Structures are given as C-alpha cells and as structure tokens.
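Structural overview
Spelled out, the chains give:
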Amino acid sequence: MKILLLGKTGQVATAFQAAARGREDVEVIALSRADLDLENTDAIRAAILGADCDLVLNAAAFTQVDRAETLAGEAFAVNARAPGEMARACAERDLPLVHLSTDAVFDGLTDRPYVETDAPSPINVYGRSKLAGEQAVLAHARTVALRVSWVFSRHGRNYVSFMLRLAREREVLKVVADQFGTPTDGEALAAFLLATAPRWAAAPAEDPAFGLFHFANADETSRFDFAKAAIDRDPLTRARLEPTTQAAFAEPAPRPPRSPLDTGKLRALFGFTPEPWRPAVERTADRLVTTGLAG
Ligand SMILES: NC(=O)c1ccc[n+]([C@@H]2O[C@H](COP(=O)([O-])OP(=O)(O)OC[C@H]3O[C@@H](n4cnc5c(N)ncnc54)[C@H](OP(=O)(O)O)[C@@H]3O)[C@@H](O)[C@H]2O)c1
C-alpha cells in the first residue's frame, strides 16, 4: 500500500513516518514544503494527479493559531483552499483523501464532549480556516475529516515537549487552568491512521468509513493538569506550576474554553478504544525525558 503524505516535517506526519518505518507492506511518499508549497494549487493538483499511491493523507496545516489572526490569507490558503484542491484532484482519480481537522471548529460553550453532528462555530481565524477546509474536503466522495485536539507526542514541537522545556528553564510556570479539552496521543493517532489506511483504500464511496470523525484520548482535562502530568515525570523540573486564566494570558487568538471531543462514532465504526490521556502523557513525557527532551 502506497500513501502520499503531505506535511512531512510536522508532528503528526513525523509520528506517522515513524510508525510506518520497517513495515514492508507500506510505502510512504512524504512531501515537505520544499517539495510542494500548499499555497500553490496548480502544484497540489499536479502532485496528486501524478502520484503513484493508493491514498492521500494530509497532515499539513497552518497551525500557528495566534499568527493566523493577522495572516488570515495564508491560513485560509493552506487550511481551506489547499485541502479543497487535494479533494478535487483525489476525486478525479477516485483516490481516498484523509484530512486532519481540529476541535477549534467549536466555540467551546458546551456542557458535554462534542459529537460530529454538533454545529461548528469557530471563534478564531485558525478555526474558521480549518472548518472551511474540512467542508471543502467532505464535499467530495471517499474523503475523511478526522478532528483531533491538543496533539502531543515524542515528535516535533508540541504542548508536552514545550512545557517540559519551560519547566526546566523557569522558576515559576503559569499555566491556563480554565481551558478544557481532550489531549490526543499523536503516536496512537499515527498507529490508527496506518492501521485504517487499507480499509479506506479499499472502501467504496458509500462506505461509512468515510466522513467526519473525532479522534482523541479518553477523559477530559484542563491545560493545567495536562502540563502538570507531564512535568511531574521530569526529575530535572525546576518550575513551580501556578494556575492562571485565559483572560490573564491574553493570547492574540481567543481559544474555545471547553472543546473535548466525543469519540463514540469512531469507537463504533472502527472498534477503536482510546486510552485515557494521563498514562499516554506520562509515557510520552518519560520518553522525552530519557532522550533529553529530543523532539
Ligand atoms: N498540534 C495540535 O495540537 C493539533 C490540534 C488539533 C488539530 N491539529 C491538526 O492536526 C494536523 C497536524 O498537526 P501537527 O501538530 O502535526 O502540525 P505541525 O507540526 O505544525 O505541522 C504542520 C505541517 O504543515 C506544513 N505546512 C504548513 N504550511 C505549508 C505550506 N504552505 N506548504 C507545505 N507545507 C506546509 C509544515 O511545514 P513546515 O515545517 O515547513 O512549516 C508542517 O510540516 C493539522 O491538520 C492540525 O490542524 C493539530
């Protein structure tokens, strides 16, 4: 099975390539920004029409949530126009497209985890651009939009590796305690994508394996407890953790205050049982600590 992977250098894409390494039945053709600039729609089309592959996986995105507020044109080009072009080109070849999206499509004003049928209502540019992207993708047959939230892993720069670093550098680390969500183990996500790729590659357009899904670890937490679970594993932590509020933090882009993802649809359809977030975070932190926080 041959998979065309876009966003080669990103966190999830790196986890995916690591998961596929050594697998003789899977070949990953990974393209970086240098290979394919996703602001160039003609190049996207040419890359997909010319690729020797059975499935396209889009792990690329403009993920800088605060910068998106002032770079909306770029955010929409990469997060909305590019996936739309990918989906069109994939449809021409009847290739399945798996695209990653985000909990940031929701406003966070909820009293329960979000399900796929809940109405999206993004409150920042990043969320609006990602919502436009998933809608552009899902307008075509044989497409998947998989929403994930708060992704962490041993790879790339992510919340866990970032907090571990900061906790070694600072005396006091203020962490937002009034934002809630479901962390997502990037390595479990990569393993799920790899395991499910053959099913998507073989499935006809009407198969329920296509469509919109939520993927995350089990149980909800706060940003504060998420950071604390990781930092508590590091014997070299110096910082004392102090809770703060989103309002005091005053980031340029507003964040949904509560955006946990319900994974019931995924569980029912793919028989996937998510691990609770805490052991997954602790395992990732332990691995990062033993490798000197190598990302
Ligand atoms: N990380 C999270 O907490 C989180 C949460 C919810 C949803 N998601 C979604 O999950 C997916 C994967 O996220 P991630 O954490 O792996 O992101 P990431 O580490 O920021 O990686 C993003 C990738 O996209 C590439 N990219 C950006 N603009 C590009 C362009 N114009 N042309 C070509 N490539 C471009 C980047 O290339 P460069 O390295 O060259 O910039 C990088 O390889 C995304 O769809 C994201 O929206 C992530």
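Predicted, not measured: the structure shown is a model, and the values here were computed from it. (Residues numbered from 1 in each chain as written. Predicted model: local features only at pLDDT ≥ 70, side-chain atom pairs only at ≥ 80, totals over all residues. Heavy atoms only, no water.)

With that settled, the discussion passes to the packing of helix H2 (residues 41-50) against helix H4 (residues 72-93). The geometry of H2 relative to H4 is characterised by a closest axis approach of 9 Å and an angle of 30° between their N-to-C directions. Considering the angle they form, H2 stands roughly parallel to H4. Considering how the two elements wind past one another, H2 and H4 form a crossing that is right-handed. Facing H2, whose interface residues are Thr41, Ile44, Arg45, Ile48, Leu49 and Gly50, H4 presents Arg81, Ala82, Glu85, Met86, Ala89, Cys90, Glu92 and Arg93. (Axes fitted to C-alpha atoms, helices over the stretch in contact; angles between N-to-C directions. Helix = DSSP H or I, 4+ residues; strand = E, 2+ residues; numbered from the N terminus. Parallel < 35°, antiparallel > 145°, perpendicular 65-115°, else oblique. Left-handed = near helix turned anticlockwise from the far one by under 90°. Contact = heavy atoms within 4.5 Å.)

Time to look at the side chain of asparagine 217. The residue asparagine 217 is located in the loop between strand S10 (211-214) and strand S11 (221-222) in this model. Residue classification places asparagine 217 among the buried positions, given a relative accessible area of 5%. There is a polar contact of 2.6 Å between the side chain of asparagine 217 and the backbone nitrogen of aspartate 185. A distance of 2.7 Å separates a polar side-chain atom of asparagine 217 from the backbone oxygen of glutamate 275. Apart from residues no more than four positions distant in its own chain, asparagine 217 is found in contact with Phe152, Thr182, Pro183, Thr184, Asp185, Pro274, Glu275, Pro276, Trp277 and Ala280. (Buried < 20%, exposed > 50% of the residue type's maximum accessible area, 1.4 Å probe, protein only. Polar contact = N/O pair within 3.5 Å; in protein donor to acceptor, adjacent residues only side chain to side chain.)

Moving on to the UniProt feature "domain: RmlD-like substrate binding" (unreviewed entry) in the chain. The residues that UniProt annotates with the feature "domain: RmlD-like substrate binding" (unreviewed entry) are residues 1-288. Taken end to end, residues 1-288 comprises 42% helix and 17% strand; its first and last C-alpha atoms sit 31 Å apart. (UniProt positions renumbered as here; feature names shortened; annotations may be inferred.)

What follows concerns the packing of aromatic side chains. Using the criterion set out here, one finds twelve aromatic pairs in the structure. Ring plane angle 45° and centroid distance 5.3 Å describe the contact between phenylalanine 192 and phenylalanine 215, whose orientation is recorded as tilted. Here phenylalanine 215 lies in the loop between S10 and S11 and phenylalanine 192 lies in helix H7 (residues 186-202), a separation of 23 residues in the sequence. Residue phenylalanine 215 is classed as buried on the basis of its relative accessible area, which comes to 1%. Judged by centre distance (5.4 Å) and plane angle (85°), the ring pair of phenylalanine 192 and phenylalanine 270 falls under edge-to-face. (Phe/Tyr/Trp six-rings, centres within 6.5 Å; stacked < 30°, edge-to-face > 60°.)

Moving on, we come to the pairing of strand S2 (residues 27-31). The two faces of a sheet get side chains in turn, since along a regular strand they alternate between them. Taken together, the five bridges between strand S1 (residues 2-6) and S2 define a ladder with parallel strand orientation. Of the residues in S2, the one forming a bridge with leucine 4 is isoleucine 29. Each parallel crossover has a hand, and for S1 linked through helix H1 (residues 11-20) to S2 it is right-handed. (Pairing = 2+ DSSP bridges. Right-handed = clockwise from strand over helix to strand, strands pointing away.)

Before going further, it helps to examine unusual backbone geometry. With a phi angle near 55°, arginine 142 is a residue other than glycine that sits in the positive phi range. Of note, arginine 142 is situated in the loop between helix H5 (125-138) and strand S5 (143-148). Owing to a relative accessible area of 8%, arginine 142 belongs among the buried residues under this scheme. Positive phi, close to 50°, is recorded for alanine 250, a residue that is not glycine. For alanine 250, the location among the structural elements is in the loop between helix H9 (246-249) and helix H10 (264-270).

Turning to the pattern of salt bridges, a few remarks are in order. For the structure on display, the rule yields 21 salt bridges. Residue arginine 88 is joined to glutamate 85 by a salt bridge in which the shortest nitrogen-to-oxygen separation is 2.9 Å. Residue arginine 88 and its partner glutamate 85 are located together in helix H4, separated by three residues, close to a single helical turn. Given a relative accessible area of 41%, arginine 88 falls into the partly exposed group. Residue aspartate 185 pairs with arginine 283 through a salt bridge whose shortest N-O separation is 3.3 Å. Highlighted residues: aspartate 185 in strand S9 (residues 184-185) and arginine 283 in helix H11 (residues 277-290), separated in sequence by 98 residues. Residue class for aspartate 185 comes out buried when judged on its relative accessible area of 4%. (Salt bridge = Lys/Arg side-chain N within 4 Å of Asp/Glu carboxyl O.)

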